[in-house]
Each structure stands twice: as C-alpha cells, then as structure tokens.
Amino acid sequence: MTDRIVLAYSGGLDTSVAIGWLKERTGKDVVALAVDVGQGGEDLEEIRQRALACGAVDAVVADVKEEFARDYLMPALKANAAYQRSYPLVSALSRPIISKYLVQTARELGADTVAHGCTGQGNDQVRFEAAVAALGPDLATIAPIRDLELTRDRAIEYAAVHQLPIKQSKKSPYSIDQNVWGKAVETGFLEDPWNAPIEDLYTYSKNPAEASREGVEVTITFKQGIPVAIDGQAVTPLQAVERLNVLAGNEGVGRLDLVEDRLVGIKSREVYEAPGAIALITAHEELENLTLERDVNRTKRDLENRWSQLVYDGLWFSGLKRAIDAFIEETQQVVSGDIRLHLQGGRATVTGRRSAQSLYDFNLVTYDEGGTFDHKSSKGFIELWSLPSKIAARRDNPLALSQDAVSIEATGAASLPAAEAAEAAAEPVTVERTQER
Ligand code: ARG
C-alpha cells in the first residue's frame, strides 16, 4: 500500500485541484493533510470535507498550534530570529512542522511520496523538500504546480469542469501566507518595489497613525528565554504570542516592508506583519543584554544571524542548526526576569528591565561618590589592551613616528626592515589622559 501521495492541503484552489491532478498524472491515490499553524480562516473540518469531495482517499487534519508555538516559535524567540536583520521568519518556521506531519502521515498511511503546492520560484519549496529529505529520506517529493504544469488557468478550468466544491471568490492579487507568528504578503502591485503597501494588506495590526496616542504598557515575564506571564498573568507560549499579537497589533507594532534575498537567487519585495513576534523579540533581546555575559551576548548575536539564515534557507533539520540551538539553549539558562514594553505608534520600546539573574551592578556603574569601580585599575588595563596597537603603530603609522623617527627616515633608516625601523624610533607614543570615561 505504498502507491499513495500525502499532499499538504490548504483548502484553496491550487491544492484542491492538485488532488485530482496528481491522481491523473501519477496514478497514485492522494491523502490530503491540513495542518493548522494558526493561519485562521476556515474550520478544519470544512477543509477536510472539501478534500474528500475533491477526490482524496483520505483527509487528515492536525491542529498543531501549541506544538508550533512551543517547538518552533520559542526557539525562534530564543534566537531573536531576524533574517536580513528584520524578518522574523514567519513562513520559514511553519514549513518544518508541516513537513514533519507530512512524513508522519506518510508513515502512518503507507505513502511513498509527499506533495506540496509551491511554485518553483520561492523558498517554501526548498523548505518542504529539505525538511522531508532530513526526516524521511526515502520519500519522494512532487510539486504539481512546479513539476506537473498545474498553472493557475488550468486549475480554474479543471475546477469548473470537474465541478469541484471550491468557493471561487475573486482571486486575491497577493500571495499570502500566515500563521500565529505573523503574515507574509507578496506579489500583486507590491512587485513594483516603489509602490507603498496599502492598508488592506494588514490584518494583524492597526495603522500606527490611527492607534492610540498614549499607547499601552505591558510587562512580559520570561523564564529561561520563554515568556511565562504577561502583566502577571501566566501564559503558555501560544497564549503569549496570541496575546501580544493583539496588544502590539492594536498599537501598529510589527509592520515590515523590505526587499529580500531569496535562496533561489532572486530579490523579492515582501510585506510582513508580526506584532507579537516583534514585541517578544524586542523584550527578549533586552533581557539578554541584562543577563548574559558580555562575550556570550556578543557571540550569540553573530550566531543568531547564522541561525536565521539557516532557517530561512530551509535547513531547520540540519546539524549546524542543531549545534547552534545547543549553544543558544545553554545561554538561556539565565534569561529570566521582567521586561516592560511601551507599545505605541508602531513601535515596541523597552522602558524597564529587572532580573534576579541581572549582571547589572549599580555600585559598579554609578557615577556617584562611593561606587566600587576601581578607576585606577582601568589605567593598567588600557595600557596592555592598547599595547599591540602601539607596537604596530610604530611600524605602520607614519603619524605615530616621532621627530626622531622622521629624521631616521631622512637618513635612510627607513630602508631597514620595518621592525628594526620601529625599534629605531626612539620616542614611544604617549597615551593622552583626560577625564572622560
Ligand atoms: N518570502 C517569505 C519567506 O520566504 C514569505 C513567503 C511566503 N510564502 C508564500 N507562499 N506566500 O519566508
């Protein structure tokens, strides 16, 4: 019983037509799998019935929102996910979990192939297939739109001829993908990167210009990198994201508009909104600033960028991603405490932070009399810290050479090997002392 295909099914026109199309072209029965990652819209049971009506031999629905939040969004939060320093990886995070369920369903229902509705131009095809390769390396993958000439026009015609029960609403000019972490909009008039986005695109956030004047304040409590309470009320990871989508979305937080480098080599114009994600990441990052040792914090920022690229590029289930996750997990042991955010006018601004794990030491940092910082120890520290620069300057930097050195040069000593010339430069560079800190 392996002549089956499990299709990632959305309930829309393309994947509904794909059910019959795959059967016709491959001879294999199709099982439809609808995975709920919080995209909203139709009821799952309705989607399941439609798949069966479109010819699926079986239809499975899975509400994975809790798992998605816990095992995909929380790692993204811990990694302060931001591709090209801003995009919090909305779509890139859902493909791995959908793929996981594709493979699991293929195992359970005896299928040798999985299918998805992506075109050949985007990142999502890569994400599905790279994830399936990692989780079910023996499974074949097929993409009817890309591999079996299932164009939009053919899909419309096929649906009409076969009288498929698809609500043929006017086709949206946009390609939209959304889940509990946010929304991605592309194509349509946005393909001209000079065109400003219009208000209709946004459903997670209010127009910042129309949000309240004073904004709202919210306190997020984190435990080991995970939000556990909002304004003192306990929340699950999913509730934290959902609650902040509302709170931050009402203040217009989380709108992004950027030209993005796709893995397939092209640049595309993308409009996103992810109010909860942006609010949470802003808060989490600041809590790390408070609690992580300097070098851990600095190194983590570099690795976060790499992590975001890997996930964007479809390598969620890869060795490097796993290894970076292990580093991140270790850092999060101390990332506990409260962050107060002011959400207003499209921005989430940190206005307060406190933590039992804080490394902030008032006595060390205060300018006031009685601080414990030993000013004198800075002097010796800076001398040694800048010693390599001082030594190199004697060799490399003509401005650093004293009058003596210039005269040496004039007498031809500059033709000596550089180090010797430096040696010959009598005056060492002196360090300027001021009262600045
Ligand atoms: N460009 C974004 C990404 O690669 C969004 C993709 C949205 N997918 C879609 N089918 N509209 O993550």
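Structure: above.
This section reports on the structure supplied with the text. None of the values given here were measured: they were computed from a predicted structure.

Thoughts on the sheet that holds strand E14 (residues 347-354)
Working step 1: The strand order across the open sheet built from five strands is E10-E9-E8-E13-E14, with neighbouring strands paired in antiparallel fashion. A single partner strand is all that each edge strand has here, and the edge strands are strand E10 (233-234) and E14.
Working step 2: Bridge count between strand E8 (residues 216-223) and strand E13 (residues 337-344): seven bridges; the pairing is antiparallel. By the bridge assignment for E13, valine 216 is matched with leucine 343.
Working step 3: Packed on one face of the sheet, helix H8 (residues 237-250) meets E8, strand E9 (226-230), E10 and E13 and runs near 60° to E9.

A look at the pattern of salt bridges
Working step 1: Here the structure, examined in full by the defined rule, presents 33 salt bridges.
Working step 2: One salt bridge in this structure joins glutamate 129 and arginine 146, with 2.9 Å as the shortest N-O distance. With glutamate 129 in helix H5 (residues 124-135) and arginine 146 in helix H6 (residues 144-147), the pair connects residues that are 17 residues apart, well separated along the chain.
Working step 3: Among the residues examined, arginine 146 registers a relative accessible area of 32% and is labelled partly exposed.
Working step 4: Notably, a salt bridge pairs aspartate 147 with arginine 146, separated by 2.7 Å at the nearest N-O pair.
Working step 5: Aspartate 147 gets classed as partly exposed once you look at its relative accessible area, which sits at 32%.
Working step 6: By sharing partners, the salt bridges in this structure join Glu285, Glu288, Lys300, Arg301 and Glu304 into a single network.

As for the sheet that holds strand E11 (residues 255-261)
Working step 1: Read across the open sheet, the four strands follow the order E6-E7-E12-E11; overall the sheet is antiparallel. Two strands bound the open sheet, and with one partner strand each, they are strand E6 (175-179) and E11. Taking each pair of neighbouring strands and ignoring which way they run, the sheet shows an average axis angle of 20°.
Working step 2: Sitting on the sheet, helix H4 (residues 90-109) touches E6 and strand E7 (182-186), and the angle it makes with E6 is about 70°.

Conventions we followed
- Residues numbered from 1 in each chain as written.
- Predicted model: local features only at pLDDT ≥ 70, side-chain atom pairs only at ≥ 80, totals over all residues.
- Heavy atoms only, no water.
- Pairing = 2+ DSSP bridges.
- Helix = DSSP H or I, 4+ residues; strand = E, 2+ residues; numbered from the N terminus.
- Contact = heavy atoms within 4.5 Å.
- Axes fitted to C-alpha atoms, helices over the stretch in contact; angles between N-to-C directions.
- Salt bridge = Lys/Arg side-chain N within 4 Å of Asp/Glu carboxyl O.
- Buried < 20%, exposed > 50% of the residue type's maximum accessible area, 1.4 Å probe, protein only.

Any functional reading would require information that these geometric values do not contain.
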